[in-house]
Each structure stands twice: as structure tokens, then as C-alpha cells.
Amino acid sequence: MKVILAGHILGQGGIQSHIRWLVKALGEEGVETLVLSLRGDKRPTDYSHTLQTFEECGVRVHICAPDAKGNSFLDLGKVERFVEIKKLIDQFSPDVYLAVGTGWNLFIPPIISKLNTRLIFHEVMSGIPRGWRDSRWCVRWCFDEVIGQSPNVAKTFAQCFGWKKSVSALPAMPEPLEITASLPKPVYKTVQLGTAKAALFSRLAPHKQAFWLVQHWDLLKNCLCELHIHGSGAEEPLIREYIASQGIGDRVKCFGRYPEGQAYIDLLSSYDLTLLPTIGREGAPLVLLEAMACGVPFVAYGVGGIPDYGVDNPNVIVVPPEPWLISQGKKYTPIEKSQQRTAFVEGVKSMAYKLAQGEINQQQLQQFYMKHYSFEVLKKTWLSYLYNQI
């Protein structure tokens with residue numbers, strides 16, 4: 001089997017992590033693989049190890065270097081770059097062309113190559129279009145199959161984009177913490193009500209609602225001992241200012257950017273629960289998988305693919321989306337929205353009570369991760385799927 005994997009491979013983020021580990025899985029099993037990174041990537045020195053790892057697995061990587069002005073290969077007047085990519089694809093002659101992410105650059109190359117190749121798109125976003133200019137509309141006309149990164153995402157994509165062909169669901173490959181770090185061995189424990197330490201690990205963008213969570217500390221202070229915010233972004237100054245102005249810094253803290261690797265695992269494992277009140281167009285956030293891998297329960301809004309994390313998983317709480325999040329045309333006032341958001345607060349309280357009553361099994365939660373999302377499990381799942389395509 002020969003596979004072309006097209007996507008943005010350098011940089012930080014869930015998409016990049018998914019591509020890297022999927023490529024590694026394919027390379028380890030001897031699948032002839034060509035990676036096309038088509039967004040005009042620069043080659044930062046800190047990613048040289050990533051490229052070296054691919055080479056050691058026998059995986060070829062072609063990165064479209066930007067021109068002097070930073071333009072990618074699809075910019076006007078760059079016809080020679082079209083020719084370059086077309087020639088590369090034709091020579092490789094893949095059985096499967098797998099596109100991951102967004103951007104017109106993912107969809108044009110297989111069109112111009114005219115190969116008898118299975119064209120598959122992996123939707124690792126929410127499945128909801130961002131207007132008529134969204135590049136994913138091209139998938140409907142040109143590709144053979146869509147994979148959502150969860151059943152909910154797959155269903156949403158089919159409905160929103162009018163997809164009538166085959167659609168399935170396969171998880172994205174998270175960084176396998178069981179390989180890259182030393183995971184803790186969770187201990188089944190109860191946490192007395194009012195003593196639980198909660199944390200949010202996220203980019204601090206408005207739709208992630210970290211600031212909103214801090215503003216509702218009064219509703220949480222009787223069931224939690226401390227709330228820690230880890231991450232950076234537009235809301236970080238607001239959060240720090242609010243904590244100082246309210247005099248709650250002894251129990252609510254904002255630490256900024258959090259570490260990576262083992263330091264991150266050790267930090268995450270030190271909490272009793274994690275929170276993600278995001279109301280954005282999420283796919284299936286990897287930070288929730290990381291929490292499960294450490295045996296740390298979470299409370300999250302059920303947007304995007306998040307509800308699928310809660311299927312047959314009694315040790316997490318997925319709060320159903322508020323009506324105003326999924327309303328079709330009805331307008332809700334800010335006051336109504338604020339009142340409805342208390343459902344998330346109730347979810348946090350419920351988790352605190354469950355921890356206090358011994359209804360959360362931290363060991364079982366980690367086992368759930370290993371059974372459904374570990375590297376070896378997902379490698380077998382992806383290989384089985386791809387071989388069935390040829």
C-alpha cells in the first residue's frame with residue numbers, strides 16, 4: 001500500500017500531532033508513505049528531530065518552502081509549484097490520498113493529478129463550515145470518502161456540507177503519552193467535598209470560556225478548593241486582573257503557558273479534575289484525552305466531538321450544549337445565555353459530589369483511554385481502515 005498524507009506538519013497543535021503520529025504508525029508497519037506539507041512551511045530548527053524521525057521510519061517528506069515573500073505554492077503566479085506537486089504525486093502513484101485539515105492547498109493537488117487514487121478527507125475540526133468560502137466545500141465534489149474524528153463530527157460534517165457519499169469515524173492520533181512520558185498509576189480515591197483541586201488547560205481564547213469560568217468562582221468555591229488556569233491567549237490579562245480585583249488569588253490562580261512532556265504529565269496528574277467549558281466549534285480536543293490518560297476525570301461542554309468521549313465512560317461528565325449554542329435562528333439575550341450557562345457549573349458540582357462519594361474510578365478511566373485511544377490501538381485501527389480502501 002502506498003499512501004500520500006497531505007496536511008500542515010510543522011508547528012504546534014492537534015492536527016500536527018495527529019499527522020506526525022499517524023505517519024510514524026504507517027512507517028513502522030512498512031507502509032510506503034509520502035507526506036506533503038503544503039502551506040509554505042518554514043523549517044524551524046526545533047523540528048529537525050521530527051523530520052529525522054520520519055526518515056528513520058522510511059517516510060518521505062516534501063515541504064513546500066515559501067518564496068522570499070512567504071507565499072505558498074497556491075498563490076497566484078506560482079504555476080511552477082502546481083507542476084512540481086503534480087509531478088511528485090504522479091511519480092509516487094499512491095493508492096490512497098489522505099487529506100487532513102483545511103486549506104485549498106490540500107484539495108487541488110489530487111484534482112490536477114488525475115490518478116486512479118482513493119481520495120479520503122479526515123475532518124479533524126467540528127464538521128461545521130465557516131461560510132461559503134470554506135475550503136472543505138471542495139471535498140463534496142472531489143473526494144470519495146470522509147472520516148470524522150468522532151461519530152458526532154462525522155454526522156455533523158455530512159449534514160452541514162451535504163455529504164452524500166461514504167462517511168465513517170476514526171479518532172485523531174494524540175501524542176501517545178504512554179510512549180512519550182511516564183504515566184502515573186492512578187489510585188482509586190475519594191476527594192472530600194470542598195477539597196478538590198480543578199484545572200483548565202487551554203488556549204485562553206474567548207470561546208474556551210476560561211475567563212467566564214473564573215467569573216463564576218462564587219458558585220464553585222464551596223465544592224472546590226482551588227481553580228488553576230493554565231494557558232496563554234487574549235483572555236490571560238483579563239483573568240489576572242479579575243483575580244486581583246476580586247481578591248481571590250489565594251484560591252484562583254492563572255499560571256500562563258504550561259509545560260510540555262513529563263513536566264506537563266506530572267502537573268496534570270496533580271489535579272483531581274479538569275474543566276473545559278468551551279463553546280467553540282471543537283473537534284475532539286486532545287487535552288481531554290490527555291486527562292483520561294492520567295486518570296483525571298473531566299467536565300466539558302458537549303460540543304463537537306466531545307460527547308463521544310463520554311460514551312460508556314462513567315468517569316467523566318459531558319454537559320449537554322445549552323439551547324442558545326445550538327439554536328436555529330432564535331435569539332437569546334446575554335442574560336438568558338448567562339443563566340443557561342449555569343448548567344456547566346452544575347456539572348462541576350456534580351463531579352465534586354461524585355469524587356466525594358467515591359463514584360469516580362480513576363484507574364478505570366485510564367484503562368478506558370488505553371483501550372480506545374492508545375497508540376497501539378489506534379495504529380491497528382488506522383491500518384485496518386486504510387488497507388480496506390485498496
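Our structure is the block above this text.
Residues numbered from 1 in each chain as written. Predicted model: local features only at pLDDT ≥ 70, side-chain atom pairs only at ≥ 80, totals over all residues. Heavy atoms only, no water.

Quick look at unusual backbone geometry
Most peptide bonds take the trans configuration, and most residues that are not glycine carry a negative phi. Here is the rule we go by: Working definition: helices are DSSP H or I runs of at least four residues, strands are E runs of at least two. Numbering for both runs from the N terminus.
We note that Ser 93 has phi near 50 degrees; this positive angle belongs to a residue other than glycine. Summarising the element assignment, Ser 93 is placed in the loop between α3 (79-92) and β4 (96-100). One non-glycine residue with positive phi stands out, namely Gln 209, at about 65 degrees. Along the chain, the position of Gln 209 falls in the loop between β8 (196-201) and α8 (210-215).

Observations concerning the packing of aromatic side chains
Here the distance between the centres and the angle between the planes together describe a pair of aromatic rings. Our working rule: Only rings of Phe, Tyr and Trp enter the pairing, Trp through its six-membered ring, and a pair is recorded when the two centres are within 6.5 Å. The plane angle decides the type: under 30 degrees is stacked, over 60 is edge-to-face, the rest tilted. Any residue under 20% of the maximum accessible area for its type is buried, any over 50% is exposed, and the rest in between are partly exposed; the area is computed with a 1.4 Å probe on protein chains only.
For the structure shown, the criterion picks out 17 aromatic pairs. An angle of 70 degrees between the planes, with centres 5.5 Å apart, marks the rings of Phe 107 and Phe 121 as edge-to-face. Placement of the pair is Phe 107 in helix α4 (residues 104-113) and Phe 121 in strand β5 (residues 118-123), with a sequence separation of 14 residues. In this structure Phe 107 comes out as buried when scored by relative accessible area, which is 0%. Taken together, the ring pairs in this structure connect Tyr 97, Phe 107, Phe 121, Trp 137, Phe 143, Phe 157 and Phe 161 into an aromatic cluster.

Let's talk about the sheet that holds strand β3 (residues 60-63)
In sheet architecture, strand pairing relies on hydrogen bonds along the backbone and comes in two forms, parallel and antiparallel. Applied cut-off: Only strands joined by at least two bridges in the DSSP assignment are considered to pair. Axes, fitted as lines to C-alpha atoms, cover a helix only where it is in contact. Angles between the N-to-C directions of the axes lie from 0 to 180 degrees. Contact criterion: two residues are considered in contact whenever any of their non-hydrogen atoms come within 4.5 Å of each other.
A sheet is described by the order of its strands in space; here 7 strands give the open sequence β3-β2-β1-β4-β5-β6-β7, paired in parallel fashion. Two strands lie at the open edges of the sheet, namely β3 and β7 (166-169), each paired on one side alone. The mean angle between the axes of side-by-side strands here comes to 20 degrees, regardless of whether they run parallel or antiparallel. Summarising the sheet, strand β1 (residues 2-6) and β4 pair through 4 bridges and their orientation is parallel. Note on β4: the bridge partner recorded for Val 3 is Val 96. Across the sheet, α4 touches β1, β4 and β5, and the angle it forms with β4 is around 165 degrees.

Examining the pairing of β8
For β8, a buried count of 5 out of 6 residues is recorded, marking the element as mostly surrounded by other parts of the structure. Across 6 bridges, the pairing between β8 and strand β9 (residues 224-230) is parallel. Note that in β9 the partner of Ala 199 across the bridge is His 228. Across 2 bridges, the pairing between β8 and strand β11 (residues 273-276) is parallel. From the neighbouring strand, Ala 198 faces β11, where its bridge partner is Leu 273.

As for the packing of helix α12 (residues 286-293) against helix α17 (residues 362-373)
Our working rule: Should an angle lie under 35 degrees it is considered roughly parallel, over 145 roughly antiparallel, and from 65 to 115 roughly perpendicular; all remaining angles are considered oblique. Under the scheme applied, nonpolar residues are Ala, Val, Leu, Ile, Met, Phe, Trp, Tyr, Cys and Pro; charged residues are Asp, Glu, Lys and Arg; polar residues are all the others, including Gly.
Two elements in contact, α12 and α17, have axes separated by 7 Å at closest approach and are oriented at 125 degrees. In terms of axis orientation, α12 runs oblique to α17. Contact with α12, carried on its side by Leu 289, Met 292 and Ala 293, involves Leu 365, Gln 366, Phe 368, Tyr 369 and Tyr 373 of α17 and no other residues of that element. Looking at the contact of α12 with α17, its residues break down into 7 nonpolar, 1 polar and no charged.

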